[in-house]
Every structure is written in structure tokens, then in C-alpha cells.
Amino acid sequence: MEAILTKGSLASLATVATVLQFLTGTVICNRYIRKKSTGDTSAFPFISGFLSCFMWLKYGVLTEESTLILVNFIGSALFFSYTVVFFVFSVNKREVVRQMMLISCIILSATIYTSFEVDAEKSIRVIGLLCCCLAVLFFASPLTTLAHVIRTQNTDSLPFPIIVASFFVCLLWTAYGILIGDRFIQVPNLLGGILAAIQLTLYVIYPKQKASSGGGPRYSPLVSENPIL
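Draft legend 1. Region of interest: the packing of helix H2 (residues 24-35) against helix H4 (residues 66-89). Direction vectors running N to C along H2 and H4 enclose 20°, while the axes themselves pass 10 Å from each other. Here H2 is positioned roughly parallel relative to H4, judged by the angle of their axes. Note on packing geometry: the crossing formed by H2 with H4 is left-handed. On H4, the residues touching Gly25, Thr26, Cys29, Tyr32 and Ile33 of H2 are Tyr82, Val85, Phe86 and Phe89. Here the residues of the contact of H2 with H4 sort into seven nonpolar, two polar and no charged.

Have a look at this one:
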């Protein structure tokens, strides 16, 4: 009974924290709507977010894990909505369509595979491995930003609130993965938590300095504001 309560509490915390993190995309979309343009930004964070959530949703269905199903159903709906908003105000709609076609092929291939694969355990392993690869690729994307921070010794390019949120979300999902004994959930979130911790450490090594009166160079965030489970 105690274990069930622990699992339920952890599942609820992970779900709420992840959905709140997903909702940060509304701030970005609101900016696009106000400006009536997406400028030179890319739709890839939204599109890759939709792909990741959809694949984790499929994995949740295969493993009958209700927590994964709920959080990634919400995530898929949100990221699809963000992508639609981006497309409406995009200055390069052809590129958005190209990226959507690419992930559609991945989703279609995965759907066809799971439909015809008679070995349920094998399907779970293949889709789980695909989800892990997508998550690891997403978590590895800020590495270029880390190199930039170390080179300039300036952390202005790191969005502190998002990194803190990512750290705790990854921590919760790692604990949940350990609790249910699922390595496909444990491994990518553990790596994501380590990367977030490294980024937070850089704030200690290179603390932010007050802007000088002459005005120094300013850096815009280089990492995605859209998390992927």
C-alpha cells in the first residue's frame, strides 16, 4: 500500500511538473502572435517536441503505463498546437512543411511496425529504444551552448528558470523510472538531469555580472525553450 501511494504521488508530481514545463511554449507562441511573425526562429523545437511526446505516448500505450499516456497525450496536443501557431505566422512555411513531413514518416513507420509486429515485448524494446534516442538527441542539443558559455565565460545565454525546471522534471522521471523498473525512462532522464546539473554548475563558475554603464555584448538564449520528456 505504501509503495502504491509512493508511486501515485511521484506520478502526480512528475505529470504536473512536466505539463507546466510544456506550457512554457504558450509564452513563445504569444510572442509570435503579438509580432505577427516568427522572425528567423525555427519550428524544430515544437516539431521535435511533438514527435517525442507522440512516441512516448505510443510507448505508454504499449506498456500500459497510464502516467506516460496522460502526460504525453497532453504534450502531443500542446506541441501540435504550438506548431500550428508557428506555421500560421511563419515566414518560411515550406521549411515547416518539410520538417513535418519528416517526422510524419517516422511516426508512420513506427505505427506500421507496431501494428504488424506480433512480438509485443520486441515492439516495446524497439519503440523504447527509439524514444531514448530522441530524448538523448534533444538533451545533447545544448552542448554547443555550453561550449559558447565556457568560451565567453558568460552565462547570459543560459535560461536559468528553464534549466532548473528541466533538472527537477528529469529527476522526477528518473525516480519514477527506477520505481517501476523501466530503463527506457531512467536512462534518458538521468542523462538530461546530469546535463542540467552541469549547466547549473556553470552559474557558479561564471556568475552573472552587472551590466556596465558602457553596455557590453548581450547574448540571446541558444537552447530550446521546449522540453521533451
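Draft legend 2. Structural context of the pattern of salt bridges. Evaluated as defined, the whole model comprises one salt bridge. Glu95 is the partner of Arg98 in a salt bridge, and the nearest nitrogen-oxygen pair spans 2.6 Å. Here Arg98 and its partner Glu95 are both found in helix H5 (residues 93-116), three residues apart, which amounts to about one turn of the helix. Owing to a relative accessible area of 29%, Glu95 belongs among the partly exposed residues under this scheme.

Draft legend 3. Quick look at the packing of aromatic side chains. In this structure the tally under the stated criterion is 11 aromatic pairs. Summarising the aromatic geometry, the rings of Phe46 and Tyr82 are spaced 5.3 Å apart at their centres and angled 45° between planes, so their arrangement reads as tilted. Of this pair, Phe46 sits in helix H3 (residues 44-63) while Tyr82 sits in helix H4, placing them 36 residues apart in sequence. For the pair formed by Phe46 and Tyr82, the shared burial category is buried. With a centroid separation of 5.4 Å and 75° between ring planes, the pair formed by Phe167 and Phe168 is classed as edge-to-face. Pairwise contacts between aromatic rings join Phe22, Tyr32, Phe46, Phe79, Tyr82 and Phe86 into one cluster. Above the ring of Phe87, the side-chain terminus of Lys93 is found at 5.6 Å from the ring centroid.

Calculation notes
Residues numbered from 1 in each chain as written. Predicted model: local features only at pLDDT ≥ 70, side-chain atom pairs only at ≥ 80, totals over all residues. Heavy atoms only, no water. Axes fitted to C-alpha atoms, helices over the stretch in contact; angles between N-to-C directions. Helix = DSSP H or I, 4+ residues; strand = E, 2+ residues; numbered from the N terminus. Parallel < 35°, antiparallel > 145°, perpendicular 65-115°, else oblique. Left-handed = near helix turned anticlockwise from the far one by under 90°. Contact = heavy atoms within 4.5 Å. Nonpolar A, V, L, I, M, F, W, Y, C, P; charged D, E, K, R; others polar. Salt bridge = Lys/Arg side-chain N within 4 Å of Asp/Glu carboxyl O. Buried < 20%, exposed > 50% of the residue type's maximum accessible area, 1.4 Å probe, protein only. Phe/Tyr/Trp six-rings, centres within 6.5 Å; stacked < 30°, edge-to-face > 60°. Lys NZ or Arg CZ within 6 Å of the ring centre and 35° of its normal.

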